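Each chain is listed here by its residues.
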Amino acid sequence: MSTHSAETRRRRTFAIVSHPDAGKTTLTEKLLLFGGAIQMAGSVKGRKAARHATSDWMALEKERGISVTSSVMQFPYEGKIVNLLDTPGHADFSEDTYRVLTAVDSALMVIDCAKGVEERTIKLMEVCRLRDTPIMTFINKLDREGKSPIELLDEVESVLGIACAPLTWPIGMGKRLKGVYHLLLDEVHLFEQGRNFTRQDSTIFKGLDSPELEAALGAEALAELREELELVQGAAPSFDLGDYLAGKLTPVFFGSAVNNFGVQLLLDFFVEHAPAPRPRATTSREVQPEEEKLTGFVFKIQANMDPAHRDRVAFMRVCSGTYAAGMKMIQTRTNKEVRIANALTFMASDREIVETAYPGDVIGLHNHGTISIGDTFTEGEPVSFTGIPNFAPELFRRARLRDPLKMKALQKGLAQLSEEGATQFFRPLMSNDLILGAVGVLQFDVVAYRLKDEYGVDAAFEPVTVATARWVHCDDAKKLEEFREKNAMNLAIDGAGELVYLAPSRVNLQLAQERSPAVRFSATREHA
Ligand code: G4P
């Protein structure tokens, strides 16, 4: 096997899907710890700062700095190379969070056992479903009282519409937590506080029949476990690799991230079964990761918050071929050739200059506003990857200018900042308003600050009665024109010149859809 295909096959590129506080940061730390990328837990810094971020710029800057360095974390584990792409969560939640999910080959869903399936998780899972992304599930905080395991599996199945195959099963919960049973390995792993940092530092029993196990768990707990397992094995589906890879079934692990418990079992299973880089659709053909020529696409652009470096970093996912420092690539949208000498990689927490990168890896390209979200880079072939959409914003504000003479600068600033992809900008057909849309509330503060700092524009953002947005399309030009006339009050043009319906309420959106059945209302927009 060539180096290229061997390197490709050992890549595991994924992201964590969770609601704030379910334990994503803690689990990330533990994964890095098992991967040897950090020596001690606690290196994914600043989560307190991120959580309590206010609109104070210092906090913003700090937090944004953190998300640059932890955007991609790469570590080796059991002969595989794991790329964990960060999904910005608390205050820095934005459209980027959604779009990261278009750049991974699989996802890991973390659920708090006391809270069950929460709102943010539901939204992120909708995005995963667009590409039938394979999902593994970790049910966390088993050291606390929570819902019963069966109730949790039922909830995942009914709310998220995905079958659950438990791979581990908890023995007790909260103060009574004794361990987990691994259904495939037929092993009991004991929960012992302060241990389980390595396999050598864990107590493991093979099967359920040893007297030592009975002594460790107590006869009653063991009998209860046997009963539960009988029930579960009868009722729940067993793990099926094909169904998992098709996004129809999720293997479920139970554990406690903060206690390292159950994490290694998850990671072992993950590197074995999670998919290596998969083929990707383009406008003209499917690109195979094994192909020798380099291709990749940009899924995120992040401004450099260091005022001395006004550049932006574009994050490119490699889809095929090998990236080598200094090579030339074509940006297919502009057909321009670029030489990439100093691409960045993100090893745990340090930025380093990367020499080579393989499919599944992410490299950071410096740019001064010439690269856009969705851009494809190749060695010359004029293709563009599809499936890197814009997502309909969920929050809207009207820009209010303090100095009316700065209108031009405001328009330019909003347009350029929207190109980075964390916000979107709309101009209504019937008014001179400028409306900004985002999926995370902090983005309005970021934009206001950067307008002032980078464009010299003093603007504020005020509430506007827009509940949601949909891109509208209609194959029949006459019907589209009719629709435009009837709904002009609610229509706008987005940054890419596309027609968008800005609905004042969900009910209004529903009515508009019912009244114009020939018009398609879309919650995502593909990049041109
Ligand atoms: P997030 O990134 O998903 O938002 O969650 P994060 O890891 O920051 O965890 C949220 C809180 O839950 C943290 O507590 C963390 O310590 C706690 N936590 C994570 N895993 C477990 C677990 O297995 N069991 C229990 N009991 N708690 C867990 P915090 O008090 O908010 O922060 P900190 O002071 O611990 O940093």
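Residues numbered from 1 in each chain as written. Predicted model: local features only at pLDDT ≥ 70, side-chain atom pairs only at ≥ 80, totals over all residues. Heavy atoms only, no water.

Enquirer: Would you mind showing me how to read the overall build of the protein here?
Expert: Of the regular secondary structure elements, the protein holds 15 helices and 33 strands. Buried positions account for 55% of the 528 residues belonging to the protein. Sequence separation of at least 24 residues holds for 72% of the intrachain contacts in the protein that already meet a minimum separation of 6. Looking at the protein as shown, the accessible area adds up to about 22600 Å², and 50% of this sits on carbon and sulfur atoms. (Helix = DSSP H or I, 4+ residues; strand = E, 2+ residues; numbered from the N terminus. Buried < 20%, exposed > 50% of the residue type's maximum accessible area, 1.4 Å probe, protein only. Contact = heavy atoms within 4.5 Å. Areas by Shrake-Rupley, 256 points an atom, 1.4 Å probe, with all protein chains shown as cover.)

Enquirer: Help me understand the sheet that holds strand β25 (residues 395-401), please; the structure alone is not making it clear to me.
Expert: In sheet architecture, strand pairing relies on hydrogen bonds along the backbone and comes in two forms, parallel and antiparallel. Taken together, the eight strands give an open sheet; going across it, the order is β28-β25-β27-β26-β30-β31-β29-β32, and neighbouring strands pair in antiparallel fashion. Each edge of the sheet is formed by a strand with only one pairing partner; in this case those strands are β28 (459-463) and β32 (520-522). Geometrically, the sheet is characterised by an average inter-axis angle of 40 degrees between neighbouring strands, direction not taken into account. Relative to β28, β25 runs antiparallel, the two sharing five bridges. Bridging from a neighbouring strand, arginine 398 pairs with glutamate 462 of β28. The sheet contacts of helix α12 (residues 407-419) involve β25, β26 (424-428), β27 (435-438) and β28, and relative to β26 the element is tilted by about 135 degrees. Helix α14 (residues 477-487) contacts β29 (468-473), β30 (491-494), β31 (499-503) and β32 of the sheet and is inclined by roughly 40 degrees relative to β31. (Pairing = 2+ DSSP bridges. Axes fitted to C-alpha atoms, helices over the stretch in contact; angles between N-to-C directions.)

Enquirer: For this particular structure, what's the right way to read the pattern of salt bridges?
Expert: In this structure the tally under the stated criterion is 27 salt bridges. Across the pair arginine 285 and glutamate 291 runs a salt bridge whose closest N-O atoms are separated by 2.8 Å. The class of arginine 285 is partly exposed, set by a relative accessible area of 30%. Taken together, the shared-partner salt bridges in this structure form one network comprising Glu7, Arg10, Arg11 and Asp361. (Salt bridge = Lys/Arg side-chain N within 4 Å of Asp/Glu carboxyl O.)

Enquirer: Just to check I follow, could you spell out the pairing of strand β3 (residues 80-85) for this structure?
Expert: Burial analysis of β3 places five of its six residues in the buried class, the great majority of the element. One ladder, built from five bridges, connects strand β1 (residues 11-18) with β3; its direction is parallel. Within β3, the position partnered with arginine 12 by the bridge is valine 82. The sheet contact formed by strand β2 (residues 72-77) and β3 spans six bridges and is antiparallel. By the bridge assignment for β3, phenylalanine 75 is matched with valine 82. Here β2 hands over to β3 after two residues, with glutamate 78 in that stretch at a positive phi of 50 degrees.

Enquirer: Help me understand the sheet that holds strand β10 (residues 204-206), please; the structure alone is not making it clear to me.
Expert: With respect to topology, four strands assemble into an open sheet ordered β7-β8-β9-β10, the strand pairing being antiparallel. Of all strands in the sheet, those bounded by a partner on one side alone are β7 (168-171) and β10. This sheet shows a mean twist of 20 degrees between the axes of neighbouring strands, independent of strand direction. In the sheet, β7 pairs with strand β8 (residues 179-182) via four bridges, with the strands oriented antiparallel. For threonine 168, the partnering residue across the bridge sits in β8 and is histidine 182.

Enquirer: What am I meant to see in the site of the ligand here?
Expert: In the vicinity of the ligand lie 19 residues, with Asp21, Thr25, Thr26, His90 and Ser256 positioned nearest. Within the side chain of serine 256, an N or O atom sits 2.7 Å from an oxygen atom of the ligand. Here valine 258 contributes a backbone N or O atom positioned 3.3 Å from an oxygen atom of the ligand. With the chains in place, 78% of the 710 Å² that the ligand exposes on its own is no longer accessible. (Near = heavy atom within 4 Å. Polar contact = N/O pair within 3.5 Å; in protein donor to acceptor, adjacent residues only side chain to side chain.)

Enquirer: Teacher, can you tell me more about unusual backbone geometry here?
Expert: Where the residue is not glycine, phi is negative for most of them; where a peptide bond is considered, it is trans in most cases. Unlike most non-glycine residues, lysine 141 shows phi in positive territory, near 70 degrees. Counting through the fold element by element, lysine 141 comes out in the loop between β5 (135-140) and α7 (149-160). With a relative accessible area of 18%, lysine 141 lands in the buried category. Phi at asparagine 335 is positive, roughly 60 degrees, even though this residue is not glycine. Summarising the element assignment, asparagine 335 is placed in the loop between β17 (328-331) and β18 (336-339).

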